[in-house]
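# Descriptive analysis of the structure
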Amino acid sequence: MNMKKEEKMLEIKKLNDVSVVGLTGELSRGNMHLLDNLLNSLSDCSENNIILNLQNLSHLDYQTVRRIAERIVQFKCDGGDLKMAAANGYIKSIMRAMGLDEEVYQSVEDALLSFVSDDPCGDPQ
């Protein structure tokens with residue numbers, strides 16, 4: 001059934017105060033609610049520093065890009081940040097075509113380091 005496929009779509013790892021959300025397969029209008037629910041849960045727990053690891057994402061429905069942009073704004077307003085990392089050229093081109101001009105870090109490690117460099121004290125936020 002499709003349930004097993006959806007369950008494997010998201011994986012979360014916690015590194016210091018940053019939650020790394022790995023996306024696998026396709027992100028579409030039909031399963032965007034899974035990502036939204038996870039991000040809501042993290043936000044409810046005051047986990048506001050998020051990295052979306054796009055390394056294993058094979059397709060991004062153009063209509064989900066606006067929702068990702070809204071979530072970036074929400075996390076920034078809540079005092080954190082939602083960053084994207086490791087997207088392939090195809091995924092980057094979809095985001096760019098839809099007007100999402102947020103930086104996509106080359107790797108999760110680069111995105112993690114950006115949280116340190118964003119804080120003038122050198123500590124992760």
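Residues numbered from 1 in each chain as written. Predicted model: local features only at pLDDT ≥ 70, side-chain atom pairs only at ≥ 80, totals over all residues. Heavy atoms only, no water.

Here we take up the overall build of the protein. Broken down by element type, the protein carries 5 helices and 5 strands. Secondary structure elements of the protein, listed N to C terminal, follow the sequence α-β-β-α-β-α-β-α-β-α. Across the 125 residues that make up the protein, the buried fraction comes to 42%. Counting contacts in the protein only where the partners sit at least 6 residues apart, residues at least 24 apart contribute 66% of the total. Counting only carbon and sulfur atoms, one obtains 50% of the accessible surface of the protein, whose full area is about 7100 Å². (Helix = DSSP H or I, 4+ residues; strand = E, 2+ residues; numbered from the N terminus. Buried < 20%, exposed > 50% of the residue type's maximum accessible area, 1.4 Å probe, protein only. Contact = heavy atoms within 4.5 Å. Areas by Shrake-Rupley, 256 points an atom, 1.4 Å probe, with all protein chains shown as cover.)

Moving on, we come to the sheet that holds strand β5 (residues 104-105). Ordered in space as β1-β2-β3-β4-β5, the 5 strands form an open sheet in which the pairing is mixed. The open sheet is flanked by β1 (10-15) and β5, the only strands paired with a single partner. Pairing analysis gives 2 bridges linking strand β4 (residues 81-85) to β5, with the strands arranged parallel. The residue bridging Met84 from the neighbouring strand is Val104, located in β5. Contacting β2 (18-27), β3 (49-60) and β4, helix α3 (residues 65-77) crosses the sheet at an angle of about 135 degrees to β4. Packing against the sheet, helix α4 (residues 89-97) makes contact with β3, β4 and β5, and its axis sits at approximately 110 degrees to β3. (Pairing = 2+ DSSP bridges. Axes fitted to C-alpha atoms, helices over the stretch in contact; angles between N-to-C directions.)

All right, on to the side chain of Ser43 then. With respect to the helices and strands, the residue Ser43 is situated in helix α2 (residues 32-44). On the accessibility criterion, Ser43 (16% relative accessible area) is buried.

A separate point is the packing of α2 against α3. One can describe the packing of α2 onto α3 by two numbers: an axis separation of 12 Å at closest approach and a directional angle of 5 degrees. Between α2 and α3, the interaxial angle falls into the category roughly parallel. On the side of α2, the interface is formed by Met32, Asp36, Leu39, Asn40 and Ser43, while α3 contributes Arg67, Ile68, Arg71, Gln74 and Phe75. Tallied by class, the residues present in the contact of α2 with α3 amount to 4 nonpolar, 3 polar and 3 charged. (Parallel < 35°, antiparallel > 145°, perpendicular 65-115°, else oblique. Nonpolar A, V, L, I, M, F, W, Y, C, P; charged D, E, K, R; others polar.)

Residues with a pLDDT of 70 or more make up 88% of the protein, whose mean pLDDT is 89. Here residues 1-6 is modelled with pLDDT under 50, and outside its nearest four sequence neighbours on either side it reaches 1 contact, counting other chains as well. (pLDDT = per-residue confidence, 0-100.)

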